[in-house]
Every structure is written in C-alpha cells, then in structure tokens.
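Below, each chain spelled out in residue letters.
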Amino acid sequence: MRTGSYLSNSMVEIEAYSRNGGEKQLREKDVLEEVLEIPAIWAANAGQRNYSERSDALDELGGWETQVQVDLGPEHRDHHERLTPFLDAYHRKHRVAIEHEKKEQMRARWHLMKIQAAHEREETLDIDVAVLIFPADQDPSLRRTRRELEGPFFTKHFPIHIPVYAIEYTNE
C-alpha cells in the first residue's frame, strides 16, 4: 500500500492511495499519468449536464470509454434480468476501470465490489486495475476507503484482491 500527493498538469491537487499494487500496475501499463489527469476532467466537466464534454475529453486523453456496461450474470437469465451495472470509464487496451463517486461511501464500496466481481468473471470485461476517484469536499473519502480496504470488511468478509488506486482531488 502506498499514499502520495501530486499536482496534476491541470492544477488539480491530488492525494492518492495504492492497494494490491494498483499504482505499480498503472505505471507498468504506462497509463498512470493519464489517470492522474482524469480528476481535472471531472472537475472541469462535473455533473450529468456535462457528460458529453467529459466523455469527449476522456476519449481525447487516451481513448477512455464512458458508461461501459459489465455483465455480472447470472448466465442463465435474459439480459434484462441480469446484473449489468455501468463503469464511469474504462480503457480496453490497459484494462483499467474507473469509478468517480461524490455522494456516499456506501456507493464507493459498491464500486469496489462490482469491479472485483467483474475482475473475477470471465464472461465480462477484462479488468486488471480499479481506480476510484473522489472530490475532497464530498462524503466518500480517501481516508475512509483506505481504512476499509485495510480492515476486515475488504480483507475477510468481501476480499478485494484486484489492484486498486484511489484518488481524492481538490480543484484549486
């Protein structure tokens, strides 16, 4: 696990936490710098009303797709009866899933469990690294996420084995 502070090229202050080799994986995939620019895109294009601008900016950054669906099954059910949530962003070449959360810590937990389930499931997207992004002034926090990833909830009860890179950002 690793924690660090960065200043992105877009003047967004970032604090990051790595678990299970998340930062190392992003470096090896040569995509860490792109990932560190994504909070600035969210800050500049916040909210659903700016979805198109945010999607265009993520695509221009490096081919990040938005609203990518993952199929968590069950296999024997029709599509409309299956659990098929969306990821906020995904990169097919690098196999990185990104979730941005500004509302509730419980939703941040759901994102981690959803990405872990997709990581384990062969019938859906290939995901090697989970990235969680939080604005600093909202309820979910890097501190709470780090505590939960290191505590029994995600080490014993609902183990998260996928490499995770969590980012909390402020727009200065």
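It should be noted that the structure appears before, not after, this text.
Parameters at a glance
Residues numbered from 1 in each chain as written. Predicted model: local features only at pLDDT ≥ 70, side-chain atom pairs only at ≥ 80, totals over all residues. Heavy atoms only, no water. Salt bridge = Lys/Arg side-chain N within 4 Å of Asp/Glu carboxyl O. Helix = DSSP H or I, 4+ residues; strand = E, 2+ residues; numbered from the N terminus. Buried < 20%, exposed > 50% of the residue type's maximum accessible area, 1.4 Å probe, protein only. Arc of directions from axis to C-beta. Contact = heavy atoms within 4.5 Å. Polar contact = N/O pair within 3.5 Å; in protein donor to acceptor, adjacent residues only side chain to side chain.

## Digging into the pattern of salt bridges
At step 1: Using the criterion set out here, one finds twelve salt bridges in the structure.
At step 2: With a shortest N-O distance of 2.7 Å, R27 and E23 are connected by a salt bridge. Note that R27 and E23 are positioned in helix α1 (residues 22-28) at a spacing of four residues, about one turn of the helix.
At step 3: Exposure remark for R27: the relative accessible area of 45% places this residue in the partly exposed category.

## Let's talk about helix α5 (residues 142-150)
At step 1: Buried within α5 are the following residues: L142, R144, T145, E148 and L149. Projection of α5 onto a plane perpendicular to its axis shows the buried side chains occupying an angular sector of 160 degrees, all on one side.
At step 2: Check the buried side of α5 and you find it contacts β2 (12-19), α4 (105-120), β6 (129-135), α6 (152-157) and β7 (164-171).

## Focus on the side chain of S18
At step 1: Secondary-structure assignment places S18 in strand β2.
At step 2: The class for S18 is buried, based on a relative accessible area of 5%.
At step 3: Within the local environment of S18, its side chain forms a polar contact with the backbone nitrogen of E23, the two atoms lying 2.8 Å apart.

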